[in-house]
Amino acid sequence: MTPAPEKSPRGRPRSTTSHQAVLNAVARLLEEQHQDYESLTIEGIAAEAGVGKQTIYRWWSTKASVLLEAILAGHVKMHIGEVQDTGHLGDDLRQWVQVLRDSVFNAQSVSLARSLISAAIVEEVNFEDYLTQNSLELTAVPYKRLAAEADRGGLRKDADLSAAFGALVYPIILRLISGVTPEPEWFDALVDVVVDGVGR
């Protein structure tokens with residue numbers, strides 16, 4: 001997995017050991033100690049990593065910036081459910097997006113998504129690079145299902161899989177950031193548009 005691009009650090013150069021300790025600490029707090037984004041703090045991350053709070057602030061401006069790098073570098077997983085493969089692409093994607101609607105569209109996820117987008121802007125991270133490389137589960141999961149369909153000959157030979165999963169995922173991300181939960185019919189219609197666009 002491609003590591004998150006780094007800006008020139010403020011102050012002293014980064015210690016590789018401390019840098020990794022901070023990213024690993026974020027992963028432990030979220031995945032092993034089951035903290036959520038709202039309860040995550042710079043102080044808590046520093047204590048878990050065994051570094052000073054100012055060490056973190058020397059490298060990252062906010063907890064969202066720390067979390068963003070931990071996600072992009074693969075330390076923190078998004079835990080997006082797999083798309084089933086029943087042999088019917090449309091049904092499988094419709095089932096997946098409805099589960100996504102029920103599990104992701106909530107106040108905490110909206111807050112997290114907005115914070116990560118803000119951090120990406122501040123840190124000058126190009127999300128497009130990561131999304132098109134399928135290094136994030138939100139895009140890797142549907143891409144895997146689309147690729148399986150293409151391998152069995154269920155898609156047009158000239159179908160662009162990157163464009164297809166982008167057409168599916170980007171509108172969902174935009175709706176999440178807006179804080180508005182679309183009706184189930186919107187998700188079904190979105191899947192129909194994508195499947196009709198790449199199907200045979």
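A brief structural summary. Computed from a prediction, not measured in an experiment: that's the story for all the values here. (Residues numbered from 1 in each chain as written. Predicted model: local features only at pLDDT ≥ 70, side-chain atom pairs only at ≥ 80, totals over all residues. Heavy atoms only, no water.)

1. Some words on helix α10 (residues 184-198)
Structural remark: α-helix, 3.6 residues per turn; residues separated by three or four positions point the same way.
Then, number 1: Here α10 is 15 residues long and its end C-alpha atoms lie 22 Å apart, about the 21 Å a rise of 1.5 Å per residue gives.
Then, number 2: Residues of α10 that are buried include every one of F187, L190, V191, V194, V195 and V198, and no others. Summarising the axial view, the buried residues of α10 lie within an arc of 125°, below the 170-degree limit, and thus occupy one face. Opposite its buried face, α10 presents the exposed residues E185, V193 and D196, each directed more than 90 degrees away.
Then, number 3: Looking at the buried positions of α10, the neighbouring elements they touch are α5 (89-104) and α9 (161-178). (Helix = DSSP H or I, 4+ residues; strand = E, 2+ residues; numbered from the N terminus. Expected span 1.5 Å × (residues − 1). Buried < 20%, exposed > 50% of the residue type's maximum accessible area, 1.4 Å probe, protein only. Arc of directions from axis to C-beta. Contact = heavy atoms within 4.5 Å.)

2. Quick notes on the packing of helix α6 (residues 107-122) against α9
Then, number 1: Relative orientation of the contacting elements α6 and α9 amounts to 105°, with a least axis distance of 8 Å. Between α6 and α9, the angle falls in the class roughly perpendicular. Residues S109, V110, A113, R114 and I117 of α6 lie in contact with α9, whose contacting residues are L176, I177 and S178.
Then, number 2: The residue makeup of the contact of α6 with α9, split by class, is five nonpolar, two polar and one charged. (Axes fitted to C-alpha atoms, helices over the stretch in contact; angles between N-to-C directions. Parallel < 35°, antiparallel > 145°, perpendicular 65-115°, else oblique. Nonpolar A, V, L, I, M, F, W, Y, C, P; charged D, E, K, R; others polar.)

3. Topic: the packing of aromatic side chains
Then, number 1: The final tally for this structure, using the stated rule, is four aromatic pairs.
Then, number 2: Where W59 meets W60, the ring centres are 5.6 Å apart and the plane angle is 80°; that geometry is what we call edge-to-face.
Then, number 3: For W59, a relative accessible area of 6% puts it in the buried group.
Then, number 4: Relative to F187, the ring of F105 has its centre 5.7 Å away and its plane inclined at 85°; by these criteria the two rings are edge-to-face. One end of the pair, F105, is in the loop between α5 and α6; the other, F187, is in helix α10, and 82 residues separate them in sequence.
Then, number 5: Among the aromatic residues, ring-to-ring pairing joins F105, W186 and F187 into one connected group.
Then, number 6: Positioned above the aromatic ring of Y37, the side-chain terminus of K63 is 4.4 Å from the ring centre. (Phe/Tyr/Trp six-rings, centres within 6.5 Å; stacked < 30°, edge-to-face > 60°. Lys NZ or Arg CZ within 6 Å of the ring centre and 35° of its normal.)

4. Focus on the pattern of salt bridges
Then, number 1: Going through the model one piece at a time under the given rule, you end up with twelve salt bridges.
Then, number 2: Salt-bridge contacts for K53 lead to E43; the nearest nitrogen and oxygen are separated by 3.5 Å. With a gap of ten residues between them, K53 in helix α3 (residues 53-59) and E43 in helix α2 (residues 42-49) connect regions that are remote in the sequence.
Then, number 3: Residue classification places K53 among the partly exposed positions, given a relative accessible area of 35%.
Then, number 4: Looking at E43, the relative accessible area reads 44%, which means it is partly exposed.
Then, number 5: Each member of the salt-bridge network shares a partner with another, and the members are D85, D92, R145, E149 and R152. (Salt bridge = Lys/Arg side-chain N within 4 Å of Asp/Glu carboxyl O.)

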